[in-house]
Amino acid sequence: MKKPNTKTIEFFKTVLIVVLFFITVLLLYFFWENATKDAFRFTEMIYTAEEEEAPEVIDTVIPTEITVGFGNGVYTVISDGGELLWKEALEKLKKFSADGAKQSAGLLVSEISEETFREAVSVKYSSIQFQFHYDIPFQEFCKFYDLSQNQSFEKIEGAATVAWSGMGTESILIWQKTGNKYYAIIADQNYTNFEDMISRIETGDHVSYYPANTFFGSSVKSTALLPLSLQSDLLEVECGREGADSSDGKVKDLAESFFGESFDFIRKITDTKGNITYMYGYGQKIFNVNVDGTFEYKEEASGSSGSSPKFFESLDIALSFVASHGSWNSLDGTDMSVYLKTVLPVGEDKKKGYKFFFGMKIGSQNVYFEKSAPIVVEVVNGQVTYYKRDMIDFDQNTAANYRSGMPENTFDPVTVLTENFDYIYDKLSEAGVALAPRENREAAFDGIADSIKAMEIGYVRPLPTAENSGMVLKPCYRITFGKKVILYFDLFNKAEPIGSDREETAGQSGNTADAPGSGA
Amino acid sequence: MDWTKAKNILIVALLLTDFILGGLFYFQHTGDEGTQESVIEATIEVLENHNIFVDTEIPEKTRRMPVLFVKYDEEDEDLVRSVLSRQVKNDSFTMTEQNLKTLCDSILRECGFTEETLVYDSWRIDGEGAEVVYKNIYNGIPVEESGIRCRVEKGEVVRLDRLWLTPTGYGKTKQRVIQSSEALIQFMSERVKENENNGEDEIPEEIHIQKIDLVYWLDLSVGPSDGVTEDTAVPAWRFTYNDGNVTFIDAYDQQQ
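The structure presented is a predicted model; accordingly, all values stated were derived computationally and were not measured. (Residues numbered from 1 in each chain as written. Chains lettered and ligands numbered in written order. Predicted model: local features only at pLDDT ≥ 70, side-chain atom pairs only at ≥ 80, totals over all residues.)

*Asks:* Looking at this model, I keep getting lost on the packing of helix 13 (residues 421–431) of chain A against helix 14 (residues 441–451) of chain A. Mind explaining?
*Replies:* All names here are of chain A. Put simply, helix 13 and helix 14 touch, their axes get as near as 11 Å, and they point 70° apart. The angle between helix 13 and helix 14 places the two elements in the roughly perpendicular class. Seen from above, helix 13 lies across helix 14 with left-handed handedness. Contact with helix 13, carried on its side by Phe421, Ile424, Tyr425 and Leu428, involves Ala444, Phe445, Ile448 and Ser451 of helix 14 and no other residues of that element. Class assignment of the residues belonging to the contact of helix 13 with helix 14 gives a composition of seven nonpolar, one polar and no charged. (Axes fitted to C-alpha atoms, helices over the stretch in contact; angles between N-to-C directions. Helix = DSSP H or I, 4+ residues; strand = E, 2+ residues; numbered from the N terminus. Parallel < 35°, antiparallel > 145°, perpendicular 65-115°, else oblique. Left-handed = near helix turned anticlockwise from the far one by under 90°. Contact = placed C-beta atoms within 7 Å. Nonpolar A, V, L, I, M, F, W, Y, C, P; charged D, E, K, R; others polar.)

Right, here's the structure in full:
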């Protein structure tokens, strides 16, 4: 027999070393992980859920609206580009607090009456209000934004509006939604920096708004701001539901992200409608994939930590959780612009945690989800106990071209009420708003006008059903009335009614007061 | 450098490492049979201290099992009613196992219940009639509590209760199931807890476990009445005790 040559033997040895090396690595993996051959899957080793980047807390907490009064009876309401103004305002607040801290007496906090606040933001004075739909715990607010504070600041529990007025230029005004309380943080010298900001806004492009009683006469007391006329180039946007096809691998990946390695051993239940429930243990963790395209996750809360939850810490937890469970984009990867819309305290004594409702925008336009919110996360004692996604999905190009570039007159904002008198009358009566009899049309109309709390412009997403997987986002007027009624009207097309809501389902309620508005 | 020598040394070192690791891994996962026997003996002793006696063999081997996906099967109620109503009463019917089985088999065939996994299980006299039980056995493992129960009186099937789960496939991966001795301890803990809730320190009545089986079990606290059409059965230890009482203990190792 011919003896193999040295080169062949050496080659064989090299191959053997490589094979043995891989066997060693494999055995070490089994040994350290305490795994077995069944648990070893190449697919799992290759696939690891990518954690999408979470938005920064500072970019998420932005005012829902910025109301600017020019002191001449004219206002403007800014929802586009509010982030930049808010960041600029924070710098000014920082300077205000730093200068105040250097004063001998320091800054003083004094509770003021609602009338004083309304007077300060009335037509008589130039003013600027940064308005949120929720209270931000004030001590945390100061700490987070690096504002100097002293003991007198403890009087303020939360801030839903931060305002400045020409009436008292040495003060910053705060509205606390819970308990409807008003405060002034007073320095011992005038602080006029906000005047520059207001002048800049006044000289720039803006839509003029007027208090409702300017339009409807002295019999109407509402000071909600309405535009006189409006031009808009918003187009309808076609969209679909995120995860409309639950057999999609992305939905499975989302489900898997909640249960990790135990995903293959959890209970999967399908009902007659096609809803799928993944259940861990006896309901400690439940994830629902609903046929209407929504996803819902619930987790049993573990024991209480004893201390009060921190607002910004909880928000950060919520942001990271969403990033690693479905991401802040749609499941199909479409970029979404999401912001914190409102927050509700949850748990016993409302001290245990927060429920965060996130809103979304197309470009700079708010998208209002009828009776829903795109993302809701509840954080109790640092643990996410509830998470809901009701995201839409659309073609990125369609979304990029949501403006025609040729502004047209919208349906006259004030005429929306007269045009839809009967519809609004019925909706408000159902909700228990006291109105004069319908036959007495003039008095009934005054009642409706009096009940207006706010008028906004944006898109409305109709409530999805199992049947309508494709939807159209329509440009709309969103009018908030008394008794927490919200009605949507087409921005064009004779302002036809296109949906209704309650502040509870729109995620902006609580046993709290209405925003102070213009105070005119 | 002498590469040939270096390679030889490396091969020997790697072979040794692999043997040691492989050996450790093998012993870790096969366990020591002697230890297993002593665990069972200790378990029996603890159980007997709590008035629980095992009158059957305790399975020693453990295994790895996936979950089993199942679908609720709806029956044609009108057809079942019609088949039952067509029967003729037979006062001279003798209730032997063979006669009962033949009668029930033919009724089930007429109703269209001919699934391959439908297996005759047992019968018992109950008052003036008898009860015949069929089980759903999938790949040798019962799917609980799926099956058919026929009530026979005077030579005719007077009632037919059916809960049928059609297996649609196994889960992707397997997981170790706990040993029967571990499940027995859990069974005992549940009984002790029940008695504590009733204000008693000890289990008052002797419990005699007659049968221990590894089955697939579906928790029916959520079921078709809640609109469920498909569900997931998990491995469970089934303990049959004191003449027909049955308890299921989830067999997945929750520590993993």
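*Asks:* I keep staring at the interface of chain A and chain B and nothing clicks. Help me out?
*Replies:* Where interface size is quoted, it is often the accessible area lost as the parts come together. Residue-level contacts link 24 residues of chain A with 29 residues of chain B. Sorting the residues of the side of chain A that touches chain B by element identifies helix 1 (6–33) and strand 12 (267–271) of chain A as the ones contributing at least two each. Here the side of chain A that touches chain B takes 12 residues from helix 1 of chain A, the largest share from any one element. For the side of chain A that touches chain B, the class distribution of residues is 12 nonpolar, four polar and eight charged. As paired strands, strand 12 of chain A and strand 10 (residues 228–241) of chain B are joined by two bridges and run antiparallel to one another. Each bridged residue has a counterpart across the sheet, and for Asp271 of chain A the counterpart in strand 10 of chain B is Val228 of chain B. (Pairing = 2+ DSSP bridges.)

*Asks:* Which parts of the structure should I look at to understand the environment of Gly244 of chain B?
*Replies:* Residue and element names in this part refer to chain B. Relative to the helices and strands, Gly244 is located in the loop between strand 10 and strand 11 (245–250). Given 9 C-beta atoms within 10 Å, Gly244 falls into the exposed group. Along the sequence, Gly244 and Ile209 sit 35 residues apart, while their C-alpha atoms lie 9.8 Å from each other. (Buried ≥ 20, exposed ≤ 12 C-beta atoms within 10 Å, placed from the backbone.)

*Asks:* Help me understand the environment of Ser208 of chain A, please; the structure alone is not making it clear to me.
*Replies:* Residues and elements named next belong to chain A. Its location among the elements puts Ser208 in the loop between helix 7 (193–203) and strand 8 (209–211). Spatially, the C-alpha atoms of Ser208 and Ala98 are 34 Å apart, while their sequence positions differ by 110 residues. The contacts of Ser208, once residues within four sequence positions are left out, are Val74, Thr76, Pro227 and Leu228.

*Asks:* Explanation requested: the nonpolar core in the structure shown.
*Replies:* For soluble globular proteins, the rule of thumb is that nonpolar side chains tend to be buried together. Grouped together as the largest cluster of nonpolar side chains are 151 residues, with contacts concentrated most on Leu173, Ile174, Ala318, Phe356, Val377 and Tyr477 of chain A together with Ala233 of chain B. The contacts of Val377 of chain A, once residues within four sequence positions are left out, are Ala318, Phe321, Val322, Phe356, Val384 and Tyr387 of chain A. One finds Cys104, Ile107, Trp123 and Val152 of chain B within the second-largest nonpolar core, a separate group that totals 15 residues. (Core = buried A, V, L, I, M, F, W, Y, C linked by C-beta atoms within 7 Å.)

*Asks:* Just checking my understanding: could you explain the domain arrangement of chain B for this structure?
*Replies:* All names here are of chain B. According to the domain assignment, chain B contains domain 1 (33–67 + 171–250) and domain 2 (74–165). Between domain 1 and domain 2, the contact holds 10 residues from the first and six residues from the second. Counting residues per element, the ones that place at least two in the side of domain 1 that touches domain 2 are strand 9 (207–217) and strand 10. Broken down by element, the residue count for the side of domain 1 that touches domain 2 peaks at five residues, all from strand 9. Residue composition of the side of domain 1 that touches domain 2, grouped by class: eight nonpolar, no polar and two charged. (Domains from an automatic or database assignment.)

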